[in-house]
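# A structural walkthrough
For reference, the chains in residue letters:
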Amino acid sequence: MALDSSTLVAPGSARGLRIGLRADASPRIGGGHVMRCLALSNELRRRGAEVFLLGRAASPAWLREYVDDQRIPVLPGPEDPAELAGVAMEMALDAVVLDSHTLAPECSAALRSAGIVVAALIDGATRAQEADLYVDQSPGGGEIGTILPAGARRLGGYRHALIRDAVLAAGRRAERTVVDPSEPPQVLCFFGATDPYGGVPVAVRALLATGAPLRMTAVATGSEPARAIKALPTGTAQQVHVVEPVAHLPELARTSDLVVTAAGSSVYDLLCIGCAVAVVTVTVSQQPLYEAVLGDALVAGLGSLEVLRATDGAGGDGVAQLRRLLTSPAERAEFARRGAEAVDGQGCARVAEALVALVEGRRR
């Protein structure tokens, strides 16, 4: 592939670190992989590195706008191992960060064979990727049932959760001034920016089925989910405000008393902010995270979206859990306290430090 001359480096020229982030986004897989790569990119750039995002162009409009705002160059990221290694060499990249559940393991092998440092962002399983650095932000780091390459380093657990600058800028929920505690609790309901499985209408129905007073903001992706939510009957002292995906979601979360969401990577953001969180599993791949944060008593578990969808509006364990949370400020406060203690927001700094040290060591 032909690269823009601004991405190339003349042979033998003095330069700083150049790092590529290989991640994809689409309506089906969402934007989580790209978002956590962007979180890491900000920290790498603060350390003087040039950073490039390599991936597919089929990203949701909101994500393209967010990437544009970050002013990070975006280039195609081939799935073919030889092509990806060729792009990395042509760009004179020192390292490539891989964040994908579908990328062929031969890609990492090709990059390493070309002398490029490889960091793999994983979620409990290497998926046969060969890396110099593995970052597993799943709780506890999760035991990987694979022998890692000789000399490979592994960073795991809540301390290495990659938290975006926007989340850190939103601050901790404890900093919020409660104007009138007697008001119904403020609830935020979102299932990622794309919500491909239609989780928000299901969760909103369950929240309303509690019969408890609430003021809810529901993030709907598209006109059909928005209509479905607006058609749901509300009870006494129940208000629902429907919005499209918004850039200021961390601020909405910080000012909410309860957040209901999918068991994806955004859970780490919410814990860092200090939110009381109730989570739903949308896909099988989310089950390990769900079980871990539930086992660590950091969130309330509502089970799977499939079960929540099948439950009628008046019953089910998920509705009972939500009713208890909505009516118990003390329980919400305890979840918020434990979450903020677990995720301190310094994961990007720790990962960037380790990656830069690897690259500089290779250069020497």
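Right, let's walk through the structure included here. Bear in mind the structure is a predicted one, so any value in this text is a computation, not a measurement. (Residues numbered from 1 in each chain as written. Predicted model: local features only at pLDDT ≥ 70, side-chain atom pairs only at ≥ 80, totals over all residues. Heavy atoms only, no water.)

Now for the overall build of the protein. Across its full length, the protein carries 14 helices and 13 strands. Taken over 364 residues, the protein has a buried fraction of 53%. Sequence separation of at least 24 residues holds for 64% of the intrachain contacts in the protein that already meet a minimum separation of 6. Total accessible area computed for the protein in this model is approximately 15700 Å², and 53% of it derives from carbon and sulfur atoms. (Helix = DSSP H or I, 4+ residues; strand = E, 2+ residues; numbered from the N terminus. Buried < 20%, exposed > 50% of the residue type's maximum accessible area, 1.4 Å probe, protein only. Contact = heavy atoms within 4.5 Å. Areas by Shrake-Rupley, 256 points an atom, 1.4 Å probe, with all protein chains shown as cover.)

This brings us to the side chain of Gln70. Relative to the helices and strands, Gln70 is located in helix α2 (residues 61-70). On the basis of relative accessible area, Gln70 is assigned to the buried category, the value being 18%.

A separate point is the sheet that holds strand β12 (residues 277-281). Ordered by their spatial adjacency, 6 strands build an open sheet running β10-β9-β8-β11-β12-β13, and the pairing between neighbours is parallel. Only two strands of the sheet have a single neighbouring strand rather than two, namely β10 (238-243) and β13 (300-304). Ignoring strand direction, the axes of neighbouring strands in this sheet form an average angle of 15 degrees. Pairing between strand β8 (residues 186-189) and strand β9 (residues 214-219): 4 bridges, direction parallel. By the bridge assignment for β9, Cys189 is matched with Ala218. In the packing of helix α6 (residues 199-209) onto the sheet, contacts are made with β8, β9, β10 and β11 (258-262), and the angle to β9 comes to roughly 175 degrees. Relative to β13, helix α10 (residues 287-295) is tilted by about 150 degrees, and along the sheet it contacts β12 and β13. (Pairing = 2+ DSSP bridges. Axes fitted to C-alpha atoms, helices over the stretch in contact; angles between N-to-C directions.)

One way to put it is that α6 packs onto helix α7 (residues 223-230) with a least axis distance of 9 Å and a crossing angle of 10 degrees. Classed by the angle they form, the pair α6 and α7 counts as roughly parallel. Of the residues in α7, those in contact with Val200, Pro201 and Val204 of α6 are Pro225, Ala228 and Ile229. A breakdown of the residues in the contact of α6 with α7 according to their chemical character gives 6 nonpolar, no polar and no charged. (Parallel < 35°, antiparallel > 145°, perpendicular 65-115°, else oblique. Nonpolar A, V, L, I, M, F, W, Y, C, P; charged D, E, K, R; others polar.)

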